[in-house]
Amino acid sequence: MSENDVSSAEDEDLSADWAAAFQEAGKSIPSEEKAPEPATFGNLSEKAAPPDAKREDINLDVILDVPVTISMEIGRTRINIRNLLQLTQGSVVELDRLAGEPMDVLVNGTLIAHGEVVVVNDKFGIRLTDVLSPAERVRKLK
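Bear in mind the structure is a predicted one, so any value in this text is a computation, not a measurement.

## Re the overall build of the protein
- Within the protein one finds three helices and four strands.
- The burial tally for the protein puts 8% of its 142 residues in the buried class.
- Relative to all contacts within the protein whose residues are 6 or more apart in sequence, the contacts with residues 24 or more apart total 29%.
- Entry remark: accessible area of the protein is about 12900 Å², with carbon and sulfur atoms responsible for 53%.

## Some details on a nonpolar patch on the surface
- A contiguous nonpolar patch, built from Ile 58, Leu 60, Val 62, Ile 63, Leu 64, Val 66 and Val 68 and spanning about 650 Å² of accessible area, is present on the exposed surface.
- Along the chain, Leu 64 falls in the loop between α1 (3–25) and β1 (70–73).

## What about the pattern of salt bridges?
- Counted under the stated rule, the structure contains three salt bridges.
- With its nearest N and O atoms 2.9 Å apart, the salt bridge here joins Arg 76 to Glu 73.
- The class of Arg 76 is exposed, set by a relative accessible area of 52%.
- The salt bridge partner of Arg 127 is Glu 116, with a shortest N-O separation of 2.7 Å. Of this pair, Arg 127 sits in strand β4 (residues 123–131) while Glu 116 is found in strand β3 (residues 110–120), placing the two residues 11 residues apart along the sequence.
- Under the relative-accessibility criterion, Arg 127 is labelled partly exposed at 46%.
- You can call Glu 116 partly exposed: its relative accessible area is 35%.

## Points about the environment of Ser 133
- As for its position among the elements, Ser 133 is in the loop between β4 and α3 (134–141).
- Taking the relative accessible area as the measure of exposure, Ser 133 reaches 30% and is therefore partly exposed.
- The spacing of Ser 133 and Ile 112 is 21 residues in sequence and 8.0 Å in space, taken between C-alpha atoms.

Reading the values: rules and limits
Residues numbered from 1 in each chain as written. Predicted model: local features only at pLDDT ≥ 70, side-chain atom pairs only at ≥ 80, totals over all residues. Heavy atoms only, no water. Helix = DSSP H or I, 4+ residues; strand = E, 2+ residues; numbered from the N terminus. Buried < 20%, exposed > 50% of the residue type's maximum accessible area, 1.4 Å probe, protein only. Contact = heavy atoms within 4.5 Å. Areas by Shrake-Rupley, 256 points an atom, 1.4 Å probe, with all protein chains shown as cover. Patch = residues over 30% accessible without salt bridge, like charges linked within 9 Å, V, L, I, M, F, W, Y side chains within 5 Å. Salt bridge = Lys/Arg side-chain N within 4 Å of Asp/Glu carboxyl O.

Worth remembering: the numbers are spatial, not functional.
Structural data, given as structure tokens:
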């Protein structure tokens, strides 16, 4: 049961207690003290899981087809516009990483793993060497 469900149940119990107390006193509940009507929501998607559902009951099919952008970052550098405009074919741009250092793997701009460059069938790839835990990813967002 979520915190909101507990709060709602406590609010309903409190409202019922007040109503019972006013009835015993023979008075009606003043209009400004009446509990508001509970919010109602339209039909929710059948795929939405109830708040108390177990992890294995959650249907992940809802998000499996959401497109994300994955990128590998070799390194970064900062240069001023004057130097940027002077770049030509064969120019070398120095990055903030050392040779052999792991690359960053980002999903939608958020670091999720580190890896090393590999060549597979004449194409570059990346072998993941370290995947950040969900807790570490959330910590880096802050």
